[in-house]
Amino acid sequence: MSTGTTATTTALVVVDLQNDFCAGPVAAARFPGDPDRLARVAARTATAVDRARALGVEVLFVRFLGDAALQRPAWQRRDAVLGKRPKCLEGSWGAEFHAAVPRPDEAVFTKQACFDAFLDPAFEPHLRSRGIQHLVLTGLFADVCVDSTARTAFQLGFHLTVLSDCTAALHLADQDVLRFMAKVYGARITDLTAGQPFTLPELPAPTAATDRVGQSCL
């Protein structure tokens, strides 16, 4: 069975690489690990963007806006209960892209106080119109917005690659999140140094044994 996709049917998706998540006091106070790790993730994602552009792979930028006026009631209640303050306010330094900035001809999609890139109603139509079949996911955070986007992408039929050195988890262990995405969404987990992340390999033809295994699990 052939499901291989080439660079022309692949898009690199940069999720929420914004100052309030990557740099400055808000990011440092929120991230439980070494803040330098966020800087490394941002730098590697910028490298991934440069490589994608050089190969002719479309780069899509997704940004988060957390203004109180954009929050739904459940989001407002959660923030009140947990004492969370809005992040990435529209027009603020915190909402600006960090390390990798969209070019004028590159599409930018906005999530209004939500996690999933597909909740921007223009996101899926853009992918379909461009013939995109394979999404390479980078950005922050692996267990929140990257995972939410991956989950919907898988259910809508897109192939997935996650660049493990271009993301980091906020609440869970990185490896647990990456294993989950590989097992449940069939995501290929790789990094910038391994092979060609912008080309999805061909799948081998299924055998009777693999068919039986596939019928026994999600």
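So, here is what we can say about the structure in this document. Residue indices follow the written sequence of each chain, beginning from 1 at its first position. Local features in a predicted model are, by the rule used here, given only for residues with pLDDT of at least 70; side-chain atom pairs are given and counted only at 80 or more, and totals for whole chains, interfaces and linings are based on all residues. Calculated side-chain values reflect all of the structure's heavy atoms, with hydrogen atoms and water omitted.

## Looking at the overall build of the chain
Basically, it comes down to this: What counts as a helix is a DSSP run of H or I of at least four residues, what counts as a strand is a run of E of at least two, and both are numbered from the N terminus. Throughout, radius of gyration means the C-alpha value; the globule benchmark is 2.2 Å times the number of residues raised to the power 0.38. Each residue is assigned to one of three classes by its accessible area relative to the maximum for its type, calculated with a 1.4 Å probe on protein chains only: buried under 20%, partly exposed between the two thresholds, exposed over 50%. Working rule for contacts: check all heavy atoms of both residues, and any pair within 4.5 Å makes them a contact. Residue exposure ignores everything except the shown protein chains as possible cover, and the areas themselves are Shrake-Rupley values with a 1.4 Å probe. Under this rule, positive means Lys or Arg and negative means Asp or Glu; His and the chain ends count for nothing. Throughout, a charge is located at the NZ atom of Lys, the CZ atom of Arg, the CG atom of Asp or the CD atom of Glu.
Secondary structure assignment for the chain yields eight helices and six strands. Overall, the chain shows an N-to-C arrangement of helices and strands of β-α-α-α-β-α-β-α-β-α-β-α-β-α. The C-alpha atoms of the chain give a radius of gyration of 17 Å, which matches the 17 Å a tight globule of 218 residues would have. Along the longest, intermediate and shortest principal axes, the C-alpha atoms of the chain span 55 × 40 × 35 Å. Counting all 218 residues of the chain, 47% fall into the buried class. Restricting to contacts in the chain with at least 6 residues of sequence separation, those with at least 24 account for 79%. Carbon and sulfur atoms provide 57% of the accessible area of the chain, an area that totals close to 10900 Å². In the chain, 22 positive and 23 negative side-chain charges are present, and the distance between their average locations comes to 4 Å.

## Quick word on unusual backbone geometry
Cis rather than trans, the peptide bond between Leu140 and Phe141 has omega equal to -10 degrees. Summarising the element assignment, Phe141 is placed in the loop between β4 (134–140) and α6 (142–155). Although it is not a glycine, Cys88 adopts a positive phi angle of roughly 55 degrees. Following the sequence through the fold, Cys88 ends up in the loop between α4 (73–82) and β3 (108–112).

## Here we look at the packing of α6 against helix α7 (residues 174–185)
Helix-helix packing: each pair is described by the crossing angle between the helix axes and the interaxial distance. Spelled out, the test is: Between N-to-C directions, angles cover 0 to 180 degrees, with each direction set by a line fitted to C-alpha atoms, over the stretch in contact for helices. These descriptions rest on fixed angle ranges, namely under 35 degrees for roughly parallel, over 145 for roughly antiparallel, 65 to 115 for roughly perpendicular, and the rest for oblique. Charged means Asp, Glu, Lys or Arg here, nonpolar means Ala, Val, Leu, Ile, Met, Phe, Trp, Tyr, Cys or Pro, and polar covers whatever is left, Gly included.
Where α6 contacts α7, the two axes come as close as 11 Å, and the packing angle between them is 5 degrees. It follows from the interaxial angle that α6 and α7 lie roughly parallel. Counted together, Ala142, Asp143, Asp147, Ala150, Arg151 and Phe154 of α6 and Val177, Phe180, Met181, Val184 and Tyr185 of α7 form the full contact between these two elements. Residues of the contact of α6 with α7, tallied by class, amount to eight nonpolar, no polar and three charged.

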